[in-house]
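# Examining the three-dimensional arrangement
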Amino acid sequence: MHAYHHIRLGNTSINVKKSFDELLPDPWLKAEDGKFRFRSYLQAKAGYEKYFSLCEAGVFFQSEKLNTYSGGISRKYPEIKQDVAEEIMNLVFSKLLPLLPKDNYNVGIHQIRITTHDRQPGYPAPEGIHQDGFKFIAVYCSEMENIAGGDTTLIPHHDGGNDATTFKILAGEAIIFNDVNYLHYTAPIVPLLPGKGFRDVFVITFDIESEK
């Protein structure tokens, strides 16, 4: 897959939606930025010739070159609940893997809630326009409430951004794209109406197992 797909995966279950309420604050946000991101993480393996398997979360690491905000740190997050991870991996196996080259993949699952209120925007990508350092990335929206903004933009890596494409990813929808060929960015969220709002997503990363 050299480009991207914008597809409908279907709505998450009530159980998955409620699990976002239990997420803990991201400990790797800078203190001066406030608490607007809540997060958990798990790893898995998936391939065409076998079913998926869940693994321990381990640590999440990106270089400072890739992530100028929190790169260079071995980040540890609470693990995603197993039943939540299994539901997401069923969608990965049935609807996302068929869009990728036929291979075996190491998968990272990031469950993320971004919050906002009248005095605090929420920043899905405080590092700005970036690449994450994987082969492919999917962003799947579980739910959003009372927000404006949060659009995701893909920028071709080699043409100076002339053909950038912006998506509004609604609940039940996902984009999946080649992280090697695209930079990406998700705009801040603010309340649509006075009060609080949130955006709940799963960011799913794919690396080809044989290349690691």
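Structure shown above.
Residues numbered from 1 in each chain as written. Predicted model: local features only at pLDDT ≥ 70, side-chain atom pairs only at ≥ 80, totals over all residues. Heavy atoms only, no water.

## Topic: the nonpolar core
We count it as follows: The term nonpolar core refers to a set of buried residues drawn from Ala, Val, Leu, Ile, Met, Phe, Trp, Tyr and Cys, joined through side-chain atoms within 4.5 Å. When a residue's accessible area, from a 1.4 Å probe over protein chains only, is under 20% of the maximum for its type it is buried; when over 50% it is exposed; and in between it is partly exposed. Under the DSSP-based scheme used, a helix requires at least four consecutive residues in state H or I and a strand at least two consecutive residues in state E, with every element numbered from the N terminus. In what follows, a contact means two residues having at least one pair of non-hydrogen atoms within 4.5 Å.
Residues Val107, Phe202, Ile204 and Phe206 are the most contacted members of the largest nonpolar core, which totals 31 residues. For this core, the element with the highest residue contribution is helix α2 (residues 82–96), accounting for seven residues. Those residues in contact with isoleucine 204, other than ones at most four positions away along the chain, are Ile88, Val92, Leu96, Val107, Gly108, Phe136, Ile137 and Ala138. The next biggest cluster of nonpolar side chains, apart from the first, holds 18 residues, and it includes Phe36, Ile114, Ile137 and Val201.

## Some words on the environment of leucine 23
With respect to the secondary-structure elements, leucine 23 resides in the loop between α1 (14–19) and β2 (37–47). A sequence separation of 17 residues divides leucine 23 from serine 40, and the C-alpha atoms of the two residues are 6.6 Å apart. In contact with leucine 23, not counting residues within four places along its chain, are Phe38, Arg39, Ser40, Gln111, Ile112 and Arg113.

## Focus on the packing of aromatic side chains
Quick note on the threshold: Working definition: rings of Phe, Tyr and Trp (its six-membered ring) pair if their centres are within 6.5 Å, and the pair is stacked with planes under 30 degrees apart, edge-to-face with planes over 60 apart, and tilted otherwise. Remark: a charge is flagged as sitting over a ring if the NZ atom of Lys or the CZ atom of Arg is within 6 Å of the ring centre and within 35 degrees of the ring normal.
One pass over the full model with this rule turns up seven aromatic pairs. For the pair tyrosine 4 and tyrosine 182, a centre-to-centre distance of 5.9 Å together with 75 degrees between the ring planes defines the contact as edge-to-face. Of this pair, tyrosine 4 sits in strand β1 (residues 4–8) while tyrosine 182 sits in strand β10 (residues 182–186), placing them 178 residues apart in sequence. Judged by relative accessible area, which is 11%, tyrosine 182 ranks as buried. Taken together, a centroid distance of 6.0 Å and an interplanar angle of 90 degrees make the contact between tyrosine 105 and phenylalanine 206 edge-to-face. Of the two residues, tyrosine 105 is situated in strand β4 (residues 104–116) and phenylalanine 206 in strand β12 (residues 197–208); the sequence distance between them amounts to 101 residues. The buried category is assigned to tyrosine 105, whose relative accessible area is 0%. An aromatic cluster of at least three residues, connected via ring pairs, comprises Tyr4, Phe167 and Tyr182. Just above the ring of phenylalanine 198 sits the side chain of arginine 113; from NZ or CZ to the centre is 4.1 Å.

## Thoughts on the pattern of salt bridges
We apply this condition: Here a salt bridge means any side-chain nitrogen of Lys or Arg lying within 4 Å of a carboxyl oxygen belonging to Asp or Glu.
The full count for this structure, using the stated rule, is seven salt bridges. A salt bridge links glutamate 22 to lysine 81, with the shortest nitrogen-to-oxygen separation between them at 3.7 Å. You can see glutamate 22 sitting in the loop between α1 and β2 and its partner lysine 81 sitting in the loop between β3 (50–55) and α2, a full 59 residues away along the chain. In this structure, aspartate 200 and arginine 113 form a salt bridge, with 2.7 Å as the shortest nitrogen-oxygen distance.

So far we have only geometry, and geometry alone does not tell us how the molecule works.
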